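# Examination of the molecular architecture
Residue strings, one per chain:
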Amino acid sequence: EADCYWCLTNLLAGIQDHYTSDQPGVQRMVIRLEELVTRIDADLTKYLKSVGIEFMQFAFKWMNCLLLREFNLRCVERLWDTYISEGDGGFEGFHVYVCAAFLCQFSTQLRNMEFDELFGFMQRMPTEEWTDTEIEILLSQAYVLGTLFGGSDAHLSNPNR
């Protein structure tokens, strides 16, 4: 029981500002996601904006629920195991890279949808059939993004802001 309590306390300590008034941690992650996707798939970001989709409309849930609602439990276990293995910042820093890789996997499909279809798709991403194989690919892509952009905030900052 004590070990479980320690694990949960340790996990929550790194993301406590996600669940306080105004949820600044979640908002910070959504902003970083938008900046990252703008860098790696500017066409997707432009398209989402052109049809009236804001990152906050779909990514808030991804950040707040840590993708728990997007995947089956087996896949979430695999994701969260990696977040824990990443140490401090896995549930905040690495999670943003996972979300970016996740969103960009569907880039071509998303850019062929109109607002209603796109919004519905974003609320119910087609991951029911995902297995460890798809999660491993997603984590690999996220790791590459983290390697390319991690620790280099200049790469994430949008110079046009």
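Below is a summary of the structure that appears in this document. (Residues numbered from 1 in each chain as written. Predicted model: local features only at pLDDT ≥ 70, side-chain atom pairs only at ≥ 80, totals over all residues. Heavy atoms only, no water.)

### Concerning the nonpolar core
To keep it simple, the criterion reads: Residues enter a nonpolar core if they are buried and are Ala, Val, Leu, Ile, Met, Phe, Trp, Tyr or Cys, with the set joined through side-chain atoms within 4.5 Å. Only protein chains enter the area calculation, which uses a 1.4 Å probe; residues under 20% of their type maximum are buried, those over 50% are exposed, and those in between are partly exposed. Under the DSSP-based scheme used, a helix requires at least four consecutive residues in state H or I and a strand at least two consecutive residues in state E, with every element numbered from the N terminus. Contacts were defined at the residue level, with two residues in contact if any of their heavy atoms lie within 4.5 Å.
Within the largest apolar cluster, 48 residues are counted, with the highest numbers of intra-cluster contacts made by Leu33, Trp62 and Phe71. Elements with a contribution of two residues or more to this core: helix H2 (24–40), helix H3 (42–50), helix H4 (55–64), helix H5 (73–85), helix H6 (90–105), helix H8 (115–123) and helix H9 (132–149). By residue number, the principal contributor to this core is H6, which donates 10 residues. Contacts of Phe71, omitting those with residues within four sequence positions, involve Val76, Leu79, Phe102, Thr127, Trp130, Ile135 and Leu138.

### Here we look at the pattern of salt bridges
In plain terms, the rule: By salt bridge we mean one thing: a side-chain nitrogen of Lys or Arg within 4 Å of a carboxyl oxygen of Asp or Glu.
Under the definition given, this model contains eight salt bridges. Lys49 is paired through a salt bridge with Glu54; the nearest N and O atoms lie 3.9 Å apart. Assessed through its relative accessible area of 41%, Lys49 is described here as partly exposed. Each of the salt bridges in this network shares a partner with another, and the network as a whole consists of Glu34, Lys49 and Glu54.

### What about the environment of Glu92?
How we decide: Nitrogen and oxygen atoms within 3.5 Å of one another constitute a polar contact, given that in protein one can donate a hydrogen and the other can accept it, and given that sequence-neighbouring residues count only through two side-chain atoms.
Relative to the helices and strands, Glu92 resides in helix H6. Spatially, the C-alpha atoms of Glu92 and Val26 are 8.6 Å apart, while their sequence positions differ by 66 residues. Within the structure, Glu92 has its side chain in polar contact with the side chain of Arg28 (distance 2.8 Å).

### A word on the packing of H2 against H3
Convention followed: All axes here are fitted lines through C-alpha atoms, helices being fitted over the stretch that makes contact, and every angle between N-to-C directions spans 0 to 180 degrees. Reported orientations rely on four angle classes, namely roughly parallel under 35 degrees, roughly antiparallel over 145, roughly perpendicular from 65 to 115, and oblique for the rest. Polar here means any residue outside two lists: the nonpolar Ala, Val, Leu, Ile, Met, Phe, Trp, Tyr, Cys and Pro, and the charged Asp, Glu, Lys and Arg; Gly therefore counts as polar.
The geometry of H2 relative to H3 is characterised by a closest axis approach of 5 Å and an angle of 120° between their N-to-C directions. The angle between the axes of H2 and H3 places the two elements in the oblique class. Two secondary-structure elements touch here, H2 through Glu34, Val37, Thr38 and Ile40 and H3 through Ala42, Leu44, Thr45 and Lys49. Partitioned by chemical class, the residues of the contact of H2 with H3 number four nonpolar, two polar and two charged.

### Some words on unusual backbone geometry
One non-glycine residue, Leu66, lies in the positive phi region at around 55°. With respect to the helices and strands, Leu66 occurs in the loop between H4 and H5. For Leu66, a relative accessible area of 4% translates into the label buried. Of note, Leu67 is a non-glycine position whose phi angle comes to about 65°, a positive value. With respect to the secondary-structure elements, Leu67 resides in the loop between H4 and H5. On the basis of relative accessibility, which here comes to 1%, the residue Leu67 falls in the buried class.

### Focus on the packing of aromatic side chains
Which entries qualify depends on this criterion: For this analysis, a ring pair means two rings from Phe, Tyr or Trp (six-membered ring only for Trp) whose centres lie within 6.5 Å, classed as stacked if their planes differ by under 30 degrees, edge-to-face if by over 60, and tilted for the remaining angles.
Under the counting rule described, the total for this entry stands at 12 aromatic pairs. Ring centres 5.2 Å apart and planes at 75° place the aromatic pair Tyr83 and Phe91 in the edge-to-face group. Summarising the burial analysis for this pair, Tyr83 and Phe91 share the class buried. Arranged with centres 5.6 Å apart and planes meeting at 90°, the rings of Phe102 and Phe106 form a pair that is edge-to-face. You can call Phe102 buried: its relative accessible area is 0%.

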